[in-house]
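Structural overview for review
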Amino acid sequence: MASSVQKLCTICHADGISTSAVTWCTDCEFFFCGDCDKTHSKSHLSKHHKTMSAEDYQKLPTFMQEISSQCRDHKKKYELYCSFHACPCCVQCVTDKHTKCQDMKPLSDILQQVKSSASVQLFEKDLKNVKENLDTAIKYMKTRISTINTQRTKAVEEIQYMRKSINDYLNKLEQDILNDLESKHAKLKLNMTSLVQQMEQRISKIDQMQSQFTKMTQYASELQMYIGLREIEKTTAQEAKYIEDLESGGHFIEKNLKLKISTALQAILQDVKSFGYIDINTTTSALKMKAGRKDQAQHLVPNVPGIEQIKPSLLTKLTIPKNMKYVQITACLILPDGKYIILDQEKNQLLLFNNDGIFIRKVVTFTEYPWDACFVRNKTVAVIHRTKQTTLVDIEKNTVIQTIQLSHNCIGVASDGKTLFISGSDSKGTTVNLNDMSHTILRGMGAVFHISILQGNIYGNNFYESKVCCYKITGESLWTYQHQDIATPRGLALDKNGCVYIASRGNNSIVVVSPDGKTSKTILSEADGIKRPWAIDINRETGIMIVSSIISDDIYETAFVYKI
């Protein structure tokens, strides 16, 4: 709510004079009376500052009036924006808290034209959709209450009609069934009424934000609008999540009161032990909600989940044909269409499985010893060999379409669809331009195995030293992470948020490392059936993860598929 308290000139008030303010400077964050405003507007340092009337300032919501352009910790003006932490920073913040953050941008670039951005309309639409969903849900629940009231009335009438046709022997049974009916009806009505009250309380907050939205867009500064929109985004996301939780929790499933009369009642009165019973049956809800916005890329500030929220759920496992039982998986890939590829080092072959994990066919058999593989593009998979060569395989035509000779041994391979990167055991790597197949040698990265690429950075494992490394594409080190949970790491994959997933072969687990390389968490262990994992891959679009694991000693027999 906007404040109605008369604002005083900041300068005059500091001198003990109570003078009503007429303007507010969004840069100085001071109120000025008429005289002070003239001085402020003529000053060389402040003549280009943006001001607004004190009256308009007080029309802003209270939470926006409290937003400052200065860092609370260091009392310096916000000048930068950290994309990783999604927050504005002053220059001192960079030194104190953001030394390893890679994507720092000028705050002015983020705030430029924020009021006219598509996000404003999106958040306004989110508010409208959440309110409409709550309105719809309230109306629906009130209708359901009316329906079960009618059902209750009808049940009472049937009970009383039946009661008239029998003798006093049924008095107790009648009372029992009425009590049961009242109990179940009261429970249903109480639950629904409580739910309606909860939703009516939430909708008042949405109404308030909606009524203030136009004023926000007219009078708020860019920073206020930006941070204010984050608050609105948080509110709409919470309310949308609240509605989704209601739906997923079964709160809108129709629970009807239905009476069933005992068939023995009309036969032999002595055999009747109950009047009947009240049943609450459920049917699919007819309630239709407007879907919430899922594309986080369009949000003003992306909501990146922490590693503590990552909890894989098992979907399926690959079914290895009996005649191929003894396979040794050193790479497993998820193709864009959802099918799976495994690299079997036991028989030097690529094997293809469908979306359900059922074997389809052998793709190709190699003459050279294969070590690792990655998806490239257009039905093409790259396979590296320990003999200083890499082959490109067309998995649709089951043929090797190109062989790339290198100057070093190959121990890891990754691709972003435009470039193929092959790491080597002698601290040397090669990038291959997939358009003209030109080579560039990179040095200084050290021995990194089972690499992956994301946003121009290269991630890799050093299983000799049990550490995970992140480098720029030029070979410059960004961070290195070691922890007791990571032992003899092999396969490595990244999700869309930059979290690094490690196949920790030495302790039979899958470990995820935060994007900044500071923390880690074990998400799968031997208790989940993970044993000596080697290969891992993640489809960043669908959040599907595949992990190799053995069942019998030293023999890779399958790969598990999870949703993360």
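See above for the structure.
A brief report on the enclosed structure follows. Keep in mind that this is a model prediction, so the values were computed, not measured. Position numbers for residues start from 1 in each chain and track the written sequence from start to end. The model is predicted, so local features are restricted to residues of pLDDT at least 70 and side-chain atom pairs to those at 80 or more, both for listing and for counting; the totals for chains, interfaces and linings are taken over all residues. Side-chain figures throughout are based on the complete set of non-hydrogen atoms in the structure, without hydrogens or water.

1. Considerations on the layout of surface pockets
In this structure, the second largest pocket spans a volume of roughly 740 Å³. Cavities and pockets are found on a 1 Å grid laid over the protein atoms alone: a cavity is a set of points where a 1.4 Å probe fits but cannot escape, a pocket is an open set with protein on both sides within 12 Å along at least five of seven lines, and a lining residue has an atom within 4 Å of such a point. Forming the walls of the second largest pocket are 35 residues, and the residues nearest its centre are Phe-375, Ser-415, Asp-537, Ile-538 and Arg-540. Secondary structure elements follow DSSP: runs of H or I of four or more residues count as helices, runs of E of two or more count as strands, with numbering from the N terminus. At the level of elements, strand 10 (329-334), strand 14 (370-377), strand 18 (412-415), strand 22 (449-454), strand 26 (489-494) and strand 30 (536-539) are the ones that each hand at least two residues to the lining of the second largest pocket. Polar here means any residue outside two lists: the nonpolar Ala, Val, Leu, Ile, Met, Phe, Trp, Tyr, Cys and Pro, and the charged Asp, Glu, Lys and Arg; Gly therefore counts as polar. Its residues assigned to classes, the lining of the second largest pocket shows 22 nonpolar, eight polar and five charged. Grid points are joined across faces, edges and corners, and a volume is the space filled by probe spheres set on the points.

2. Considering the packing of helix 8 (residues 171-219) against helix 9 (residues 222-248)
Axes here refer to lines fitted to C-alpha atoms; in helices the fit is confined to the stretch in contact. Angles between the N-to-C directions go from 0 to 180 degrees. Packing of helix 8 against helix 9 leaves a shortest axis separation of 11 Å and a crossing angle of 155°. In terms of their interaxial angle, helix 8 and helix 9 are classed as roughly antiparallel. For the pair helix 8 and helix 9, the sense of crossing is left-handed. Here Leu-195, Gln-198, Met-199, Arg-202, Lys-205, Ile-206, Met-209, Phe-213, Met-216 and Thr-217 of helix 8 come into contact with helix 9, specifically with Met-225, Leu-229, Glu-231, Ile-232, Thr-235, Glu-239, Tyr-242 and Leu-246. When the residues that make up the contact of helix 8 with helix 9 are grouped by side-chain class, the tally is eleven nonpolar, three polar and four charged. Here is the rule for angles: anything less than 35 degrees is roughly parallel, anything more than 145 is roughly antiparallel, 65 through 115 is roughly perpendicular, and the remaining ranges are oblique. Crossings are classed by handedness, with left-handed meaning an anticlockwise turn of the near helix from the far one by less than a right angle and right-handed meaning a clockwise turn. In what follows, residue pairs with any heavy atoms lying within 4.5 Å of each other are defined as contacts.

3. Some details on the side chain of Ser-466
Structurally, the position occupied by Ser-466 is in the loop between strand 23 (457-462) and strand 24 (467-472). Definition of a polar contact: a pair of N or O atoms within 3.5 Å, with one able to donate and the other able to accept a hydrogen when the atoms are protein atoms, and with sequence-neighbouring residues admitted only if both atoms are side-chain atoms. Within the structure, the side chain of Ser-466 is placed 2.9 Å from the backbone nitrogen of Thr-488, a separation counted as a polar contact. Aside from chain neighbours lying at most four places away, what touches Ser-466 is Tyr-481, Gln-482, Ile-486, Ala-487, Thr-488 and Pro-489.

4. Overview of the packing of aromatic side chains
Aromatic rings from Phe, Tyr and Trp, taking only the six-membered ring of Trp, are treated as a pair when their centres fall within 6.5 Å; an angle between ring planes under 30 degrees marks them as stacked, one over 60 as edge-to-face, and anything in between as tilted. Scanning the entire structure with this criterion turns up eleven aromatic pairs. Ring centres 4.7 Å apart and planes at 50° place the aromatic pair Trp-24 and Phe-31 in the tilted group. Across this residue pair, the class does not change: Trp-24 and Phe-31 are buried. Seen in terms of ring centroids, Trp-371 and Trp-534 are 5.6 Å apart; in terms of plane orientation they differ by 75°. Their pairing is edge-to-face. Of the two residues, Trp-371 sits in strand 14 while Trp-534 sits in the loop between strand 29 (520-524) and strand 30, which places them 163 residues apart along the sequence. We note that Trp-371, like Trp-534, is buried. Accessible area is worked out with a 1.4 Å probe on protein chains only. A residue is then buried under 20% of its type maximum, exposed over 50%, and partly exposed in between.

5. Digging into the pairing of strand 26
Here strand 26 lies mainly inside the structure; six of its six residues are buried. Paired strands, in this sense, are two strands between which DSSP finds at least two bridges. In this structure, strand 26 lies alongside strand 27 (residues 500-504), joined through four bridges in antiparallel fashion. Each bridged residue has a counterpart across the sheet, and for Ala-493 the counterpart in strand 27 is Tyr-501. A loop of five residues connects strand 26 with strand 27, the two strands running antiparallel in sequence, and Gly-498 in this loop sits at a positive phi of about 90°.

6. Quick word on the environment of Thr-136
Relative to the elements of secondary structure, Thr-136 occurs in helix 7 (residues 118-164). Judged by relative accessible area, which is 34%, Thr-136 ranks as partly exposed. Distance from Thr-136 to Thr-330, taken between C-alpha atoms, is 53 Å for residues 194 residues apart in sequence. With near-sequence residues (within four places) excluded, Thr-136 lies in contact with Leu-287 and Lys-288.

7. Thoughts on the sheet that holds strand 11 (residues 340-344)
Strand pairing in a sheet relies on backbone hydrogen bonds. The paired strands run either parallel or antiparallel. Strand order in the open sheet formed by four strands is 10-11-12-13, and the pairing between neighbours is antiparallel. On the outer flanks of this sheet lie strand 10 and strand 13 (359-365), each paired with one strand and no other. Strand-to-strand twist across the sheet, computed as the mean angle between neighbouring axes with direction ignored, equals 20°. Bridging between strand 12 (residues 349-353) and strand 13 involves five bridges; their strand directions are antiparallel. Counted as the bridge partner of Leu-352 is Arg-361 from strand 13.

8. With respect to the pairing of strand 27
Where burial is concerned, most of strand 27 is hidden: five out of the five residues are buried. A two-sided burial pattern is seen for strand 27, the buried positions comprising Val-500, Ile-502 and Ser-504 on one face and Tyr-501 and Ala-503 on the other. One ladder, built from five bridges, connects strand 27 with strand 28 (residues 509-513); its direction is antiparallel. Residue pairing for strand 28: Ser-504 is matched across the bridge by Ser-509.

9. Focus: the environment of Glu-79
Inspection of the secondary structure puts Glu-79 in the loop between helix 4 (62-65) and strand 4 (80-82). Overall, Glu-79 belongs to the partly exposed group, its relative accessible area being 45%. Between the C-alpha atoms of Glu-79 and Asn-508, which are 429 residues apart in sequence, the distance is 46 Å. Glu-79 has contacts with Cys-89, Cys-90, Val-91, Lys-105, Pro-106 and Leu-107, leaving out every residue within four places of it along the chain.

10. A word on helix 8
Within an α-helix, residues lying three or four positions from one another point in the same direction, as the helix has 3.6 residues per turn. Helices are assigned an expected span. That span is 1.5 Å times one less than the residue count. When the terminal C-alpha atoms of helix 8 are compared, their 72 Å separation across 49 residues agrees well with the 72 Å that a helix rising 1.5 Å per residue should span. Taking the largest bend as the criterion, helix 8 deviates by roughly 40°, centred on Gln-212. In this scheme, the bend at a residue equals the angle between the axes fitted to the seven residues that finish there and the seven that begin there.

11. Here we look at the nonpolar core
Among the nonpolar cores identified, the biggest contains 63 residues, and Met-141, Met-199 and Phe-252 are the most heavily contacted of them. For this core, the secondary structure elements donating two or more residues are helix 3 (54-57), strand 4, helix 6 (107-111), helix 7, helix 8, helix 9 and strand 7 (254-261). Beyond its immediate chain neighbours, meaning those up to four positions away, Phe-252 contacts Ala-137, Tyr-140, Met-141, Leu-195, Ile-243, Leu-246, Glu-247, Ser-285, Leu-287 and Met-289. Here the nonpolar core consists of buried residues drawn from Ala, Val, Leu, Ile, Met, Phe, Trp, Tyr and Cys, with membership extended through side-chain atoms lying within 4.5 Å. In terms of nonpolar packing, the next biggest core, distinct from the first, is built from 34 residues, Ile-334, Trp-534, Ala-535 and Ile-544 among them.

12. A short note on the pattern of salt bridges
A pair is scored as a salt bridge if a Lys or Arg side-chain nitrogen falls within 4 Å of a carboxyl oxygen belonging to Asp or Glu. One pass over the structure, following the stated rule, counts 14 salt bridges. Note that Lys-97 and Asp-73 form a salt bridge whose closest N and O atoms lie 2.8 Å from each other. Taken as a pair, Lys-97 in helix 5 (residues 91-97) and Asp-73 in the loop between helix 4 and strand 4 lie far apart in primary sequence, 24 residues in all. For Lys-97, a relative accessible area of 45% corresponds to the partly exposed category. Judged by relative accessible area, Asp-73 falls into the exposed class, the value being 53%. Residue Lys-467 pairs with Glu-465 through a salt bridge whose shortest N-O separation is 2.8 Å. For Lys-467, a relative accessible area of 18% puts it in the buried group. Look at the salt bridges and you will find they share partners, linking Lys-131, Asp-135 and Asp-207 into a network.

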